[in-house]
Structure formats: structure tokens, C-alpha cells
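Descriptive analysis of the structure
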Amino acid sequence: MLTVDFANVTEARIGPDQGLDLERELRAHTPPLEQALEALWARHRDPDMPLGWIAVPEDTETARAALRYREANPWVTDVVVLGIGGSALGAQAVHAALGDRRVALHFVDNVEPEPVLHLLGSLNPRTTLVNVISKSGTTAETMAAFLVFRKWLEDALGAEWRRHVAVTTDPKKGVLRPYAARHGLTAFSIPPTVGGRFSVLTPVGLVPLAFAGVDLEGLLAGARKANETAAAPVAENLPAQTALVQYLYYRRGKPISVLMPYSTRMRLVPDWFVQLHAESLGKAESKTGSRVHVGPTPLKAVGTTDQHAQVQLYREGPFDKLVVFVRLERPTTDLELPAVEGLEALDYLFGKRLFELLTAEAKATAHALAKARRPNYTIQLEQLDAYHLGWLLQHLMWQTAILGELLGVNAFDQPGVELGKQYTYALMGRAGFEALAEELKAEGVV
Ligand SMILES: O=P(O)(O)OC[C@H]1O[C@](O)(CO)[C@@H](O)[C@@H]1O
């Protein structure tokens, strides 16, 4: 089960000035929420709409293909994922939470030379598979990494390098697809209707996660469950409800949305969430073309770790945050805290279990924030497994899409990152970008 405890956003818990009368708000906002859900569901199979992520969990064949690929390549000890943003963050998050470590996954999502060289130096090319992932098949960082790793493989293996590369990209666009065809490389397709940050359950995530031993069918089944809740009436529709709470607080002077799982294993889920919310919702223009400059600022945190780094600010700083906790209801395994003679001051811990302390810390922090009139709600997962993580990820995708509808923006483009990419091309001397290079010179950038 995935449930949400909204007690700490209610007026009863945090006072009328910061709290919501949730029942009233839900009633008042049922029409726009219904409209948002209808708009998303009605177009989710439209080949011209970027809503393919809704149907992705039904595609169990891709998961089977990923598993077959893993089984056909038992020699692999290390998978290097070359990808950035939506082409890396989802798999990284799931891998950190559930990867079994029999095959090591490495993510190259930056172009800083030292870590790349360090990784190359630590790998055996004979047992390494390079999975280059790019929806557009053009991203400079990913392409640069591919140039490096492809040569590294060829230098060590000669013509055999081809068996060590898998390409995951758009079925038609970009430079990778024709290159893969020319060299007979294994290639997986990212459905054109699924944007990068919504693609964790496509081959983008499924191929590396198959090697990491993750239960792919579990992930998809959990995501299908999230779809079920997103199809429910608003009164039982969790993604609609969390989107509404996010929306109302954003409109009421809380521009920052924190995601704080109480789990080191889930520590990278907020990184994935940050891209999801930031690129989807941070927009200059509304769907009707008016200037809006909207978007909650997503912030990442991990409990309990960040209790000792960020919670001071959350509790006493500006009243500008909505904090969302993610808490597990039971551990996968646990540890008892032994009694130690001479440390009787710690006897409140003796005989207790680590998970009990973790849970107490999460509940205590949520309540301490509420006492300081800081709204927060808690997403509760029965346990950390593929099913519940798949459910959470798809829930957050739904929340983002619904929030986009409420804010009146297109949640599926990212025009704001384009100019920076073009300036990079100009600085790197790419043909066709001479005018921009001149502009940069005239403006004193170079
Ligand atoms: O998968 P691609 O096309 O290489 O893109 C990587 C990332 O770059 C962006 O286009 C811009 O940051 C993201 O939306 C995307 O996830």
C-alpha cells in the first residue's frame, strides 16, 4: 500500500493561518482536478501527445526483453550508463534503493575528466557493457562520454567492442540510431511519446536495472497501481490530492517543495524528483501564451541525515516550504540495539530496534514542524520493494502532470535549457552556431 497522511497540513494540526481545510478545498477544487485528470487520461494514447508514460507500465514485453538481454550476456560484471538528466536519474534512484550489486552499475552523467578517468582505470573492458542512453541522441555530455568509452572498448577489444555497447534512444531521431544500425549494435527504443524525465520505466531504466537484479515486473505492477489510483474519483485519488496540496501551498506563499524520504536507500529519489518537478513545472509561459514565470522549487533532503543539516531552517526559517516525507511502514531487515554496561544514559535505546528509532525520528520531525506551523505531509510505503517504489515513482509523475494542469503550463517541454545548449555548441565551435559565437564574443563571454 501507498497511503498519505495529510494531518499536518490541516488547520486542526497547524492552525488556520498556515493550515488547509482540506475537505473544503477538495470539494472546491474537484472540478479543476476532474478536468485535469480527464485531459491527461483522454490523450494518453494519442501518438502526438507526450503522455505515453501513462501506458508504459502496461508494457511488460520491454521488461522481458531487458531480462533476456541480461541473460544472453552473463559475462557482464559492470554496466556503465552514459546518460544525463532523465536518461540517468531514474535508474540511479532505483538502483540505489534495490540494486543487488551482483553486477555493478556506474553512471557517467558529467564530463569532468578526473572521475571518468578514474572509472575507466577501475574497469575491465572484457566484462564491461556500456549502455549509452539519450532520448534525443544529441546531448553533448552523453555523446562526449560515448566517444571516450567507445574508443576505450575498441582499443582493448578490437571489432568485439560492438558486443559491449547497447544503445537506448529514440526510434528515429538523433545520431545514435543510424550509428547503431550501421554497426549492428544492440538497440532499445524510447517511445517518442515519453519524455526523458518520465522514462524510468521504459528501456531507459529497465535495461540497466535488469542487470542490477531489480524486479522489473514488480516496478511495473506498482506503477499500474498508481495508475489505478489516478483513475479514481477525486475523493480517493491520491495523486490529485497531493497535487492539489502542492498547488495550494505554492499559491499561498510556499514556493519551495521539499522531498525527504526517511531512507538512505531512497536517497536518490529526491534527485529524480527535482528534475521531474523543475523541468516540468518551471515555466515562463502558460499554455495560452501568457507570461507566468511559475514553478515550485523542488528541494532534496534525506531523513534522518538532513535533520542535522536542514531541519533547523525548515522549522525556524522563512515560512516558504511544504515538506513531504516518505516513510516506510516496515523494514526489510532490522538490527537490535544491545545494552552496554557503563552507557546506562542510553538505556532508552537498549533492546529497541534501529527501525523503531528511524520511525520515531520521522514522526517526531513531522510533528515538530507542525508545532512550528510548518505544513508537511507523509507518504507511507508499506515497505521498500520494487512494487512500492514503482508505485511511488508513477504517483509522483501523476502529481507533476496534474500540477502542470493546475498551473496551466505544459509540463512536458523544457525550452529553458535550450539556449545554454546552443551557447555550448557555439563555444565548442560547432558548425551552424557561428552567429552565436560572435554574440558571445561581442558580449565579452569569451
Ligand atoms: O536523453 P537526452 O536527450 O540525452 O536528454 C537528457 C536530458 O537533457 C534535457 O533535455 C535537458 O536537461 C532533459 O530534459 C533530459 O532528460
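Residues numbered from 1 in each chain as written. Predicted model: local features only at pLDDT ≥ 70, side-chain atom pairs only at ≥ 80, totals over all residues.

**Some thoughts on the overall build of the chain**
Along the chain, the regular secondary structure elements total 17 helices and twelve strands. A compact globule built from 446 residues would reach a C-alpha radius of gyration of about 22 Å, and the chain, at 23 Å, matches this within 12%. The principal-axis extent of the C-alpha atoms belonging to the chain is close to 65 × 65 × 50 Å. Relative to its 446 residues, the chain shows a buried fraction of 42%. Residue pairs at least 24 apart in sequence account for 75% of intrachain contacts in the chain once pairs closer than 6 positions are excluded. (Helix = DSSP H or I, 4+ residues; strand = E, 2+ residues; numbered from the N terminus. Rg over C-alpha atoms; globule rule 2.2 N^0.38 Å. Buried ≥ 20, exposed ≤ 12 C-beta atoms within 10 Å, placed from the backbone. Contact = placed C-beta atoms within 7 Å.)

**Side note on the domain arrangement of the chain**
Reports often express the size of an interface as the amount of accessible area lost when the parts come together. With domains assigned, the chain is organised as domain 1 (2-40 + 219-407) and domain 2 (52-214). One C-alpha centre belongs to domain 1, the other to domain 2; they are set 30 Å apart. Across the contact, 23 residues belong to domain 1 and 21 residues belong to domain 2. Residue assignment for the side of domain 1 that touches domain 2 shows that the elements contributing at least two residues are helix 10 (216-230), helix 12 (269-281) and helix 15 (386-407). (Domains from an automatic or database assignment.)

**Points about the nonpolar core**
Judged by nonpolar contacts, the single largest core of 117 residues is most densely connected at Val81 and Leu82. In terms of residues, this core owes the most to one element, helix 15, which gives 14 residues. Each of domain 1 (2-40 + 219-407) and domain 2 (52-214) accounts for three or more of the residues forming this core. Not counting the four nearest positions on each side in its chain, Val81 is found in contact with Ala88, Ala91, Leu105, His106, Phe107, Val108, Asn131, Ile133 and Pro208. (Core = buried A, V, L, I, M, F, W, Y, C linked by C-beta atoms within 7 Å.)

**Regarding the packing of helix 5 (residues 89-98) against helix 12**
Relative orientation of the contacting elements helix 5 and helix 12 amounts to 160°, with a least axis distance of 8 Å. By the angle class used here, helix 5 and helix 12 are roughly antiparallel. In this structure, the crossing between helix 5 and helix 12 has a hand that is left-handed. Of helix 12, the residues touching helix 5 (which contributes Leu89, Gly90 and Ala93) are Val269, Asp271, Trp272 and Gln275. For the contact of helix 5 with helix 12, the per-class residue count stands at four nonpolar, two polar and one charged. (Axes fitted to C-alpha atoms, helices over the stretch in contact; angles between N-to-C directions. Parallel < 35°, antiparallel > 145°, perpendicular 65-115°, else oblique. Left-handed = near helix turned anticlockwise from the far one by under 90°. Nonpolar A, V, L, I, M, F, W, Y, C, P; charged D, E, K, R; others polar.)

**Observations concerning helix 5**
An α-helical segment advances 3.6 residues per turn. Residues three or four places apart therefore align on the same side. Buried residues dominate helix 5, accounting for nine of its ten residues. Listed as buried for helix 5 are Leu89, Gly90, Ala91, Gln92, Ala93, Val94, His95, Ala97 and Leu98. In this structure, the buried residues of helix 5 make contact with strand 2 (78-82), strand 3 (104-108), helix 9 (203-211), helix 12 and helix 15.

**Side note on the UniProt feature "active site" (unreviewed entry) in the chain**
Listed under "active site" (unreviewed entry) in the UniProt record, and renumbered for this structure, are Glu279, His308 and Lys421. In terms of the greatest pairwise C-alpha distance, the residues named above, spread along 143 residues, do not form a single cluster, extending to 37.0 Å across. Among the secondary structure elements, Glu279 is positioned in helix 12. When the 22 C-beta atoms within 10 Å are taken as the criterion, Glu279 is described as buried. Dropping the residues within four chain positions of it, Glu279 is found in contact with Arg197 and Gln414. For His308, a count of 8 C-beta atoms within 10 Å puts it in the exposed group. (UniProt positions renumbered as here; feature names shortened; annotations may be inferred.)

**Comments concerning the pairing of strand 12 (residues 376-381)**
In terms of residue burial, strand 12 counts as a mostly covered element, since five of its six residues are buried. Pairing geometry for strand 1 (residues 2-5) and strand 12, over four bridges, is antiparallel. Across the sheet, Thr3 pairs through a bridge with Gln380, a residue of strand 12. As judged from the six bridges shared by strand 11 (residues 321-328) and strand 12, these two strands associate in the parallel manner. Bridging across to strand 12, Phe325 finds its partner in Thr378. Once the chain exits strand 11 it traverses helix 14 (residues 354-371) before rejoining the sheet at strand 12, and the crossover so formed is right-handed. (Pairing = 2+ DSSP bridges. Right-handed = clockwise from strand over helix to strand, strands pointing away.)

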